Amino acid sequence: MSTTVIKPDFETAQKHFIFTQEHEDLRESMEEWVKNELYPHRMEWEETKWPDWAMERAGELGYLGLCFPEEYGGQGGDYYYSLVRAEALSHAGSGGLGMGFAVQTDMVLPPIEMLGTEEQKERFLAPGIQGKRIGCLGITEPGAGSDVASIRTTAKLEGDEYVINGSKTFITNAARADFIVLVAKTDPDAGHNGISLLLIDIRDEEGNELPGFSVAQNLEKMGMAASDTCEIAFEDMRVPADSILGEVGKGFYHITWELQGERLVAAAGSNAGAERLLETSIEYAKDREAFGRPIGKFQSIRH
Ligand SMILES: Cc1cc2nc3c(=O)[nH]c(=O)nc-3n(C[C@H](O)[C@H](O)[C@H](O)COP(=O)(O)OP(=O)(O)OC[C@H]3O[C@@H](n4cnc5c(N)ncnc54)[C@H](O)[C@@H]3O)c2cc1C
């Protein structure tokens, strides 16, 4: 039986079996930007939430479109650039900012790229890559988290419109988002095959909530305070029938596909955050002295 095992190729100049020199160059330039323009604000943003200009600036520098096609303003790179971005953002010292960015680049935009019509890509993907329009993703509900198929939000087809009713919770970026990728039941009796994705505007150009949509609560959290996490409500919100993203009835499969990339990026970002903490701790252990020597010289701390 033959098996394929990915191993580092020690004969090549590439130091890592995933990341090439181009990935490393991007990492270096992005880390520098993050340290210079984002890191200084990290404490302030724990109070105020991260500002929209940070996303727009990232778009201007090309950091939001790393893995998206050039025709929509992206750089056309491979998936590993997403991991580099998540790791570079850990230098901002703000988990909330990293999470808000990851929702845009790794949760909201990928399904639009994969499933969207040309019109949806022009309206949502291209300005999303520029950081000019911010998106959010609505899966979780007060009564449904891990068990996605038990959601209750409905989108009922009436003529040439869907009428949306229900509520979602823990929705990152919802306090500021222009649009949402929403998971709803279009056929409540069809189980997993009755769920669809809808791609809809939730605010107008001035930032006002559209009729039928509202933020019920901006939740207080124990951490990640720089990120907004909201409970949102839909009450007879009417949207055009062509708001469906992908195929009607295939939303469960579409969203579980999306979750694969999302979870890996979250892991890369979290791991990088832990590395930053370790670096800071080592530095402190070298500087801080007790009983006439750096505390890092004591056995348990050295371990
Ligand atoms: C800061 C933050 C931001 C978020 N942003 C978003 C967002 O933007 N959009 C969005 O849709 N959601 C978002 N979420 C929600 C998140 O995706 C859910 O919290 C997650 O899916 C888990 O759902 P739950 O919290 O309802 O947990 P539950 O499903 O109630 O699970 C609770 C516990 O039970 C365990 N459990 C559940 N089922 C099983 C099982 N079958 N076997 C063994 N153990 C099980 C879980 O592991 C967990 O430990 C966010 C959450 C947080 C905390």
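These notes cover the structure that comes with them. Note that the structure is a prediction, hence the values are computed from the model and not measured.

## Digging into the packing of aromatic side chains
Thought 1: Per the stated rule, a full pass over the model turns up 7 aromatic pairs.
Thought 2: For the pair Trp45 and Trp53, a centre-to-centre distance of 5.8 Å together with 70° between the ring planes defines the contact as edge-to-face.
Thought 3: The buried category is assigned to Trp45, whose relative accessible area is 2%.
Thought 4: If you follow Arg42 out to its NZ or CZ, it ends over the ring of Tyr39, 3.8 Å from the centre.
Thought 5: For Arg176, the ring lying beneath its charged end belongs to Trp50, and the centroid distance is 3.7 Å.

## Quick word on the pattern of salt bridges
Thought 1: Scanning the entire structure with this criterion turns up 17 salt bridges.
Thought 2: Here Arg176 and Asp228 are joined by a salt bridge, their closest N and O atoms 2.9 Å apart. With a gap of 52 residues between them, Arg176 in the loop between strand 3 (161-172) and strand 4 (179-185) and Asp228 in the loop between strand 6 (213-218) and strand 7 (229-240) connect regions that are remote in the sequence.
Thought 3: By relative accessible area, Asp228 is classed as buried at 1%.
Thought 4: Where Arg276 meets Glu275, a salt bridge forms, and the shortest distance between an N and an O atom there is 3.6 Å.
Thought 5: Under the relative-accessibility criterion, Glu275 is labelled partly exposed at 40%.
Thought 6: Here the salt bridges do not stand alone but share partners, grouping Glu119, Arg123, Arg133 and Asp201 into one network.

## What about the packing of helix 3 (residues 52-60) against helix 5 (residues 95-115)?
Thought 1: Helix 5 packs onto helix 3 with a crossing angle of 55° between their chain directions and a minimal axis gap of 11 Å. Accordingly, the angle class assigned to the pair helix 3 and helix 5 is oblique. Like other packed secondary-structure pairs, helix 3 and helix 5 cross with a definite hand, here right-handed. Touching Ala54, Met55 and Ala58 of helix 3 are Leu97, Gly100, Phe101 and Gln104, all from helix 5.
Thought 2: Across the contact of helix 3 with helix 5, the residue classes tally to 5 nonpolar, 2 polar and no charged.

## Considering the layout of surface pockets
Thought 1: In this model, the largest pocket occupies a volume close to 1,300 Å³.
Thought 2: Lining of the largest pocket is provided by 45 residues; of these, Gly95, Gly98, Met99, Met224 and Ser270 occupy positions nearest its centre.
Thought 3: Secondary structure elements with two or more residues in the lining of the largest pocket: helix 4 (80-89), helix 5, strand 3 and helix 7 (251-287).
Thought 4: Each residue belonging to the lining of the largest pocket can be placed in one class, and the counts come to 18 nonpolar, 17 polar and 10 charged.
Thought 5: When residues of the lining of the largest pocket are assigned to domains, at least three fall in each of domain 1 (21-134 + 255-283) and domain 2 (135-248).

Reading the values: the criteria
Residues numbered from 1 in each chain as written. Predicted model: local features only at pLDDT ≥ 70, side-chain atom pairs only at ≥ 80, totals over all residues. Heavy atoms only, no water. Phe/Tyr/Trp six-rings, centres within 6.5 Å; stacked < 30°, edge-to-face > 60°. Buried < 20%, exposed > 50% of the residue type's maximum accessible area, 1.4 Å probe, protein only. Lys NZ or Arg CZ within 6 Å of the ring centre and 35° of its normal. Salt bridge = Lys/Arg side-chain N within 4 Å of Asp/Glu carboxyl O. Helix = DSSP H or I, 4+ residues; strand = E, 2+ residues; numbered from the N terminus. Axes fitted to C-alpha atoms, helices over the stretch in contact; angles between N-to-C directions. Parallel < 35°, antiparallel > 145°, perpendicular 65-115°, else oblique. Left-handed = near helix turned anticlockwise from the far one by under 90°. Contact = heavy atoms within 4.5 Å. Nonpolar A, V, L, I, M, F, W, Y, C, P; charged D, E, K, R; others polar. 1 Å grid on protein atoms, 1.4 Å probe; cavity = no way out; pocket = protein on both sides within 12 Å on 5 of 7 lines; lining within 4 Å. Points joined across faces, edges and corners; volume = space filled by probe spheres on them. Domains from an automatic or database assignment.

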